Amino acid sequence: MTQAFASQKPYETERDTASPNRNLAPVTTCLDERDRLMVGGCLLSDLAQRYGTPLYVLDEDTVRGTCRAYRDALKQHYPGPSLPIYASKANSSLLVSSIAASEGLGLDAVSAGELLTAFQGGMPGERMVLHGNNKNDEELLLAYNNDVTIVVDNQHDLERLAELVPAGGAPARLMLRFTPGIECHTHEYIQTGHLDSKFGFDPDLLESVLRQLVGKPWAKLTGLHAHIGSQIFELEPHRDLAAVMADALKLARSLGHPVEDLNVGGGLGIRYVASDDPPTIEQWVKVVADAVTAACRDRQLELPRLLCEPGRSLVATAGVTLYAVGSRKTIPGVRTYVAIDGGMSDNPRPITYQSLYTCCLADRPLAPAEETVNLVGKHCESGDVLLKDLPLPTTQSGDIVAVFATGAYNASMSSNYNRIPRPAAVVVQSGSSELFQKREQPDDLLRYDVLPERFRALP
Ligand SMILES: *Cc1c(COP(=O)(O)O)cnc(C)c1O
């Protein structure tokens, strides 16, 4: 299987439909009778024409497919209850919250904004958790008042909650996050499980925190949480995590805490370029489920409910970004730059993490490469390079470029750098396309600017 997918091109229709994170392109990607790219039954260049560029396109079938892959694999491989939770920071929107809710998933939020987006998208509070290493009172109260489980990250969370939960009120449902001391191979900025991390309690402090919470009327400790990082291709760190968490579970229960939930975080990687080779969703879930089951049996623990928190692997592959080609600059003997009408403001991952992507021309995906170019954005940074040393057919101004696997950590990490409005986003399914995020307009960017009175008088 690994071999077959390693040579994959985004437009090839042989793909892993059971595990969309293994593909370069959405599961519905195909060519029309004129060999132009279609996703969700829609011609990509038509979408660009109709909605403008840059444009984020999200394939509904791919998102639903990954939701079901997680849910089904948990049901199949874990003998106890389970719940996959969508890490909404990957793509926080009413639409994806609504899809996750309708597929029976829960959701993790990290701010008041993500909480409100999920509530309004129809996600029930009881299926949600609130994360964050520096939650404010507004966020804690919003979670508490809507039955969202609060993932306690540090003493500050506990101090604030002790004060905020009203005397005689229901206790806050808490999950305790600790650093499991597990290293994995991913970018330094997205590792979170090693000891030197800003997230969670140090494992040495776990016992004292568990003791501190005994008998506190404002707190009900119902879960334990750890997350080891993101874009991980290895399975061993997830296997190792199970034993560490089962030890913590045993300790917590021995102190009388009613811990039902074990939340192993997210982190499964996806295929951004052909050489990436992530495990399937089922392989990942099986390793986690088997390891938790075995670790609990060894310690004679009743099986907890197993929660996991996929973000990237749930939505990244469903997304395609469309850009229009504009200017070009050729420096003879050095390089050719082809500029598109977006860049680091709609996709900050290349400049932040040196991330790689795959792209092709929407209407000529099969055309042979004629030159090697740097595909660059329109921002005032030399580092605003979307794809380096990219073999491409010769492009004209107006050609539409499709960049794949942009459904996670693109829109949600976008900015207005250079006062560039954020792109629109559309969801596609069975030939229909619907707007789910409106395109910002330059005027929108002035909405929060205020010129104080004394600056207004002209000289
Ligand atoms: C970011 C994050 C996730 C999701 O990670 P992915 O790599 O996108 O699956 C899950 N849990 C926590 C606590 C996170 O911070």
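One numbering rule holds for all chains: residues counted from 1, following each sequence as written. Confidence filtering applies because this is a predicted model: local features only for residues at pLDDT of at least 70, side-chain atom pairs given and counted only at 80 or more, and all residues used for totals across whole chains, interfaces and linings. As a convention, hydrogens and water are excluded, and side-chain values are obtained from all of the structure's heavy atoms.

- Within an unreviewed UniProt entry, the label attached to the protein reads Diaminopimelate decarboxylase, and the organism entered is Parasynechococcus marenigrum.
- Its UniProt record, at the heading Sequence similarities (unreviewed entry), says of the protein: "Belongs to the Orn/Lys/Arg decarboxylase class-II family. LysA subfamily."
- UniProt positions are given in the numbering used here, feature names are shortened, and annotations may be inferred rather than shown by experiment. UniProt annotates the protein under Cofactor (unreviewed entry) with the comment "pyridoxal 5'-phosphate".

**Notes on the pairing of strand β18 (residues 400-404)**
Here's step 1: Burial here depends on accessible area, computed with a 1.4 Å probe over protein chains only, as a share of the maximum for the residue type. Under 20% is buried, over 50% is exposed, and the range in between is partly exposed. Secondary structure counts use DSSP, requiring at least four H or I residues in a row for a helix and at least two E residues in a row for a strand, with both numbered from the N terminus. The element β18 is extensively covered by neighbouring structure, given that five of its five residues are classed as buried.
Here's step 2: Residues I400, A402 and F404 line one face of β18 and the alternating positions V401 and V403 line the opposite face, and both faces are buried.
Here's step 3: As judged from the five bridges shared by strand β13 (residues 319-331) and β18, these two strands associate in the antiparallel manner. The partner of Y323 across the bridge, within β18, is V401.
Here's step 4: We call two strands paired when DSSP finds no fewer than two bridges between them. Strand direction decides the pairing type here: strand β15 (residues 359-361) and β18, joined by three bridges, are antiparallel. Residue L361 lies in a different strand from β18, and its bridge partner there is V401.

**Focus on the UniProt feature "binding site: substrate" (unreviewed entry) in the protein**
Here's step 1: The positions that UniProt labels "binding site: substrate" (unreviewed entry) are, in the present scheme, R312, R349, Y353, E381 and Y409. With a sequence span of 98 residues, these residues are also far apart in the fold, their greatest C-alpha distance being 26.6 Å.
Here's step 2: Structurally, the position occupied by R312 is in helix α11 (residues 312-315).
Here's step 3: N or O atoms closer than or at 3.5 Å make up a polar contact, with two conditions inside protein: a donor-capable atom paired with an acceptor-capable one, and, for residues adjacent in sequence, both atoms drawn from side chains. In terms of polar contacts, R312 uses its side chain to reach the side chain of Y272, at 2.8 Å.
Here's step 4: Classification of Y353 by relative accessible area gives buried; the value is 17%.

**Some words on the nonpolar core**
Here's step 1: Nonpolar cores are built from buried Ala, Val, Leu, Ile, Met, Phe, Trp, Tyr and Cys residues. Side-chain atoms within 4.5 Å join them into one set. Counting 105 residues, the largest nonpolar core has L174 and L176 as its most contacted members.
Here's step 2: Among the elements that take part in this core, helix α10 (residues 281-298) stands out by supplying 10 residues, more than any other.
Here's step 3: Here the limits of each domain have been adopted from an automatic or database domain assignment. Inspection of this core shows a minimum of three residues originating in each of domain 1 (3-59 + 317-443) and domain 2 (61-315).

**A closer look at the site of the ligand**
Here's step 1: Not every one of the 15 residues close to the ligand is listed here, only the nearest: K89, S230, E309, R312 and Y409.
Here's step 2: For the ligand, an oxygen atom lies 2.8 Å from a polar atom in the side chain of K89.
Here's step 3: Within the backbone of R312, one N or O atom sits 2.7 Å away from an oxygen atom of the ligand.
Here's step 4: Note on areas: Shrake-Rupley with a 1.4 Å probe; residue coverage comes only from the protein chains shown. Look at the ligand: alone it shows 390 Å² of surface, and the protein chains cover 93% of it. Near is defined per residue: the residue qualifies when any heavy atom it owns lies within 4 Å of the molecule or strand.

**A word on helix α4 (residues 94-102)**
Here's step 1: Every buried residue of α4 is accounted for by L95, V96, S97, I99, A100 and A101.
Here's step 2: Two residues or fewer past α4, G104 is found with a positive phi of approximately 85°.

**Overview of the domain arrangement of the protein**
Here's step 1: Partitioning the protein into domains gives domain 1 (3-59 + 317-443) and domain 2 (61-315).
Here's step 2: Centre-to-centre, using C-alpha coordinates, domain 1 lies 32 Å away from domain 2.
Here's step 3: Taken residue by residue, the interface counts 35 residues in domain 1 and 30 residues in domain 2.
Here's step 4: Summing the contributions of domain 1 and of domain 2, the shared interface buries around 2800 Å²; its carbon and sulfur component is 56%.
Here's step 5: Put simply, buried area is the surface a 1.4 Å probe can reach on two separate parts but cannot reach once they are joined, added for both. Among the residues of domain 1 in contact with domain 2, N21, R22 and Y409 are the three that bury the most area, contributing 23% of the side total.
Here's step 6: The term salt bridge refers to a side-chain nitrogen of Lys or Arg lying within 4 Å of a carboxyl oxygen of Asp or Glu. Viewed at the interface, domain 2 and domain 1 are joined by one salt bridge.
Here's step 7: Taking the shortest distance from any N to any O, the salt bridge between R22 and D277 comes out at 2.6 Å.
Here's step 8: For the pair domain 1 and domain 2, the interface holds 19 residue pairs in polar contact (both at pLDDT 80 or more).
Here's step 9: Of all the elements in the fold, those that place two or more residues in the side of domain 1 that touches domain 2 are α1 (2-6), β4 (55-59), α12 (349-353), β19 (424-429) and β20 (432-437).
Here's step 10: With three residues, the single largest contributor to the side of domain 1 that touches domain 2 is α12. Contacts are residue-level and defined by heavy atoms, with any inter-residue pair within 4.5 Å sufficient.

**Considerations on the side chain of T62**
Here's step 1: With respect to the helices, strands and loops of the structure, T62 is situated in helix α3 (residues 60-77).
Here's step 2: A polar atom in the side chain of T62 sits 3.0 Å from the backbone nitrogen of V27.
Here's step 3: Every residue in contact with T62, bar those within four places of it in the chain, is listed here: P20, P26, V27, T317 and A318.

**Quick notes on the UniProt feature "binding site: pyridoxal 5'-phosphate" (unreviewed entry) in the protein**
Here's step 1: The feature "binding site: pyridoxal 5'-phosphate" (unreviewed entry), as annotated in UniProt, sits at G267, E309, P310, G311, R312 and Y409 in this numbering.
Here's step 2: Topologically, E309 is positioned in the loop between β12 (305-308) and α11.
Here's step 3: Classification of E309 by relative accessible area gives buried; the value is 5%.
Here's step 4: Looking at E309, its side chain comes within polar contact range of the side chain of H131, at 2.6 Å.
Here's step 5: Within the element layout of this structure, Y409 appears in the loop between β18 and β19.

**As for the packing of aromatic side chains**
To describe a pair of aromatic rings, one takes the distance between the centres and the angle between the planes.
Here's step 1: Pairing of aromatic rings covers Phe, Tyr and the six-membered ring of Trp, with a centre-to-centre limit of 6.5 Å; geometry is then stacked below 30 degrees between planes, edge-to-face above 60, and tilted otherwise. Counted according to the given criterion, the structure contains two aromatic pairs.
Here's step 2: Considering the side-chain rings of Y70 and W284, the 6.1 Å spacing of their centres and the 75° angle between planes classify their relative orientation as edge-to-face. Linking Y70 in helix α3 with W284 in helix α10, this pair joins segments that are 214 residues apart in sequence.
Here's step 3: Look at W284 and you get buried, because its relative accessible area is 2%.
Here's step 4: Seen in terms of ring centroids, Y272 and Y357 are 5.3 Å apart; in terms of plane orientation they differ by 75°. Their pairing is edge-to-face. Of this pair, Y272 sits in the loop between β11 (261-263) and α10 while Y357 is found in the loop between α12 and β15, placing the two residues 85 residues apart along the sequence.
Here's step 5: By relative accessible area, which is 5% here, Y357 ends up buried.

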